[in-house]
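Observations on the three-dimensional arrangement
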Amino acid sequence: MNDVLILIEEELRAIADPEKAAGMKAYMKNHFEFLGVASPERKVISRFIWQEYKATVLMDWRDIFNFLWNCPEREYQYVAMDLMQKIKTKIQLEDIELIQNYILEKSWWDTVDFIASHMAGKYFEKFPEQIPNFIPLWMKSENMWINRTAILFQLKYQDKTDFDLLRENILYHIDSTEFFINKASGWALRQYSKFDKERVKHFVDEHPNLSKLTIREASKYL
């Protein structure tokens, strides 16, 4: 374990609060253990790590993130995501496997949505030629979180969104009863409606068999 990881562990455990941890665990449906470190306190630690150990993080970010992702308490993954914000432009062509692992391991909306919109989003923005190699497979995957990522990876693309690809993803899952899929479809449509209301409205009107949740979410800005 390098100095950065030792410091992260020491800092998090120094302010761990078992009472907060119980509430945080319950909020996440008991899927994960928590130390009980609130978001503002954790972000102070993440900022300090970046300010003081930027060179180390940039050099060893894959090893650092892999270690943090394998820690049992959720705050370690949150620190990893704080630092991912800083290095996401550094991802390389081969890092798609790493991104997939982060989606598949310890999957829940709090990590998957971040990885989808930040890491996967930045990856496919940087390497658009990889979109046809992965997004169709992700769309048809038997893993719901991979499906959700395929829908959400363009969330920050704004007017650069490939709406035809988003449309294809949503329609592939139009009969889904999965909350996280239907919510993601509506969220992605709502986000794009900020830039093209008419296109989203036409899509929703054209497909009344979209789930009620998808329609409700998609229509918030229409």
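The sections below set out a description of the structure shown in this document. (Residues numbered from 1 in each chain as written. Predicted model: local features only at pLDDT ≥ 70, side-chain atom pairs only at ≥ 80, totals over all residues. Heavy atoms only, no water.)

1. What about the overall build of the protein?
The following threshold applies: In DSSP terms, a helix is any run of H or I states spanning at least four residues, a strand is any run of E spanning at least two, and both are numbered starting from the N terminus. We compute the radius of gyration over the C-alpha atoms and compare it with the globule rule, which gives 2.2 Å times the number of residues raised to the power 0.38. Working rule for contacts: check all heavy atoms of both residues, and any pair within 4.5 Å makes them a contact. What sets the accessible areas is the Shrake-Rupley method with a 1.4 Å probe; for residues, cover comes only from the shown protein chains.
Along its length, the protein carries 12 helices and 0 strands. Shown N-terminal to C-terminal, the secondary structure of the protein runs as helices and strands in the order α-α-α-α-α-α-α-α-α-α-α-α. Compactness check: the protein gives a C-alpha radius of gyration of 19 Å against a globular reference of 17 Å for 222 residues, within 12% of the reference. For the protein, long-range pairs separated by at least 24 residues make up 71% of all intrachain contacts whose partners lie at least 6 apart in sequence. With the model as given, the accessible surface of the protein reaches about 11,100 Å², and the carbon-plus-sulfur share is 51%.

2. Comments concerning the pattern of salt bridges
Definition in use: The working definition used for a salt bridge is a side-chain nitrogen of Lys or Arg within 4 Å of a carboxyl oxygen of Asp or Glu. Buried means the residue's accessible area, taken with a 1.4 Å probe over protein chains only, is under 20% of the maximum for its type, while exposed means over 50%, and partly exposed covers the values in between.
One pass over the full model with this rule turns up 16 salt bridges. One salt bridge in this structure joins D95 and R62, with 2.8 Å as the shortest N-O distance. One end of the pair, D95, is in the loop between helix 4 (74-87) and helix 5 (96-104); the other, R62, is in helix 3 (residues 39-70), and 33 residues separate them in sequence. Look at R62 and you get partly exposed, because its relative accessible area is 28%.

3. Concerning empty space enclosed by the protein
What counts, and what does not: Think of a 1 Å grid over just the protein atoms. A cavity is a set of points where a 1.4 Å probe fits yet cannot get out, a pocket is an open set with protein on both sides within 12 Å along at least five of seven lines, and lining residues have an atom within 4 Å of a point. Grid points are joined across faces, edges and corners, and a volume is the space filled by probe spheres set on the points. Under this grouping Gly is polar, as are all residues other than the nonpolar Ala, Val, Leu, Ile, Met, Phe, Trp, Tyr, Cys and Pro and the charged Asp, Glu, Lys and Arg.
Inspection of the entire model under this criterion finds 2 cavities of 30 Å³ or more. The volume enclosed by the largest cavity comes to roughly 70 Å³. In this structure, the largest cavity is lined by I151, Q154, L155, Q158, T161, L166, A188, Q191, Y192 and F195. When residues of the lining of the largest cavity are assigned to their parent elements, the largest contribution, 3 residues, is made by helix 10 (residues 179-193). Of the residues contributing to the lining of the largest cavity, the split by class is 6 nonpolar, 4 polar and no charged. In this structure, the second largest cavity spans a volume of roughly 30 Å³. Around the second largest cavity sit I170, H173, I174, I181, N182, S185, L210 and T214, which together line it. Top contributing element to the lining of the second largest cavity by residue count: helix 10, with 3 residues. The residue makeup of the lining of the second largest cavity, split by class, is 4 nonpolar, 4 polar and no charged.

4. Focus on the nonpolar core
Under the convention used in this document: We define a nonpolar core as any set of buried Ala, Val, Leu, Ile, Met, Phe, Trp, Tyr and Cys residues linked to one another through side-chain atoms lying within 4.5 Å.
Grouped together as the largest cluster of nonpolar side chains are 74 residues, with contacts concentrated most on F65, M84, I115, F124 and W138. Among the elements that take part in this core, helix 3 stands out by supplying 9 residues, more than any other. Setting aside its immediate chain neighbours within four residues, M84 contacts F65, W69, Y102, F114, I115 and M119.

5. What to know about the side chain of S117
Put simply, the rule reads: Here a polar contact is recorded for every N or O atom pair within 3.5 Å, except that within protein the pair must consist of a potential hydrogen donor and a potential acceptor, and residues adjacent in sequence are included only if both atoms are side-chain atoms.
Relative to the assigned elements, S117 resides in helix 6 (residues 109-126). In this structure the side chain of S117 is engaged in a polar contact, spanning 2.9 Å, whose partner is the backbone oxygen of D113. The contact partners of S117, leaving out residues within four places of it in the chain, are L152, L155 and K156.

6. A closer look at unusual backbone geometry
Of note in the backbone geometry, K29 takes a positive phi value of approximately 55° without being a glycine. Residue placement: K29 occurs in the loop between helix 2 (18-27) and helix 3. Exposure remark for K29: the relative accessible area of 60% places this residue in the exposed category. The phi angle at N30 is positive, at roughly 65°, despite the residue not being glycine. Relative to the elements of secondary structure, N30 occurs in the loop between helix 2 and helix 3.

7. Here we look at helix 6
As a reminder of what qualifies: Multiply 1.5 Å by the residue count of a helix minus one, and that product is the helix's expected span. To get the bend at a residue, fit one axis to the 7 residues ending there and another to the 7 starting there, then take the angle between the axes.
Along its 18 residues, helix 6 runs 24 Å from first to last C-alpha, staying within 8% of the 26 Å computed at 1.5 Å per residue. Along helix 6, the largest kink reaches about 35° and is centred on I115. Counting buried positions along helix 6 gives 14 out of 18 residues, so the element sits mostly inside the fold.

8. Brief notes about the packing of aromatic side chains
Note on aromatic pairs: each is described by the distance of the centres and the angle between the planes. The line we're drawing: By convention, a stacked pair of Phe, Tyr or Trp rings (six-membered ring in the case of Trp) has centres within 6.5 Å and planes under 30 degrees apart, an edge-to-face pair has planes over 60 apart, and any other such pair is tilted. A ring has a charge above it when a Lys NZ or an Arg CZ is no more than 6 Å from the ring centre and no more than 35 degrees off the ring normal.
Under the defined criterion, the tally for this structure stands at 15 aromatic pairs. Their ring planes at 75° and their centres at 5.6 Å tell us that F124 and W138 sit as a pair that is edge-to-face. With a gap of 14 residues between them, F124 in helix 6 and W138 in helix 7 (residues 131-140) connect regions that are remote in the sequence. As far as the burial class goes, F124 and W138 line up, both buried. With a centroid separation of 6.0 Å and 85° between ring planes, the pair formed by F163 and F203 is classed as edge-to-face. Of the two residues, F163 sits in helix 9 (residues 163-172) while F203 sits in helix 11 (residues 197-206), which places them 40 residues apart along the sequence. Classification of F163 by relative accessible area gives buried; the value is 4%. Following the ring pairs from residue to residue traces out a cluster consisting of Y123, F124, F127, F134, W138, F153 and Y157. The ring of F32 carries R74 above its face, with NZ or CZ at 3.6 Å from the centroid.

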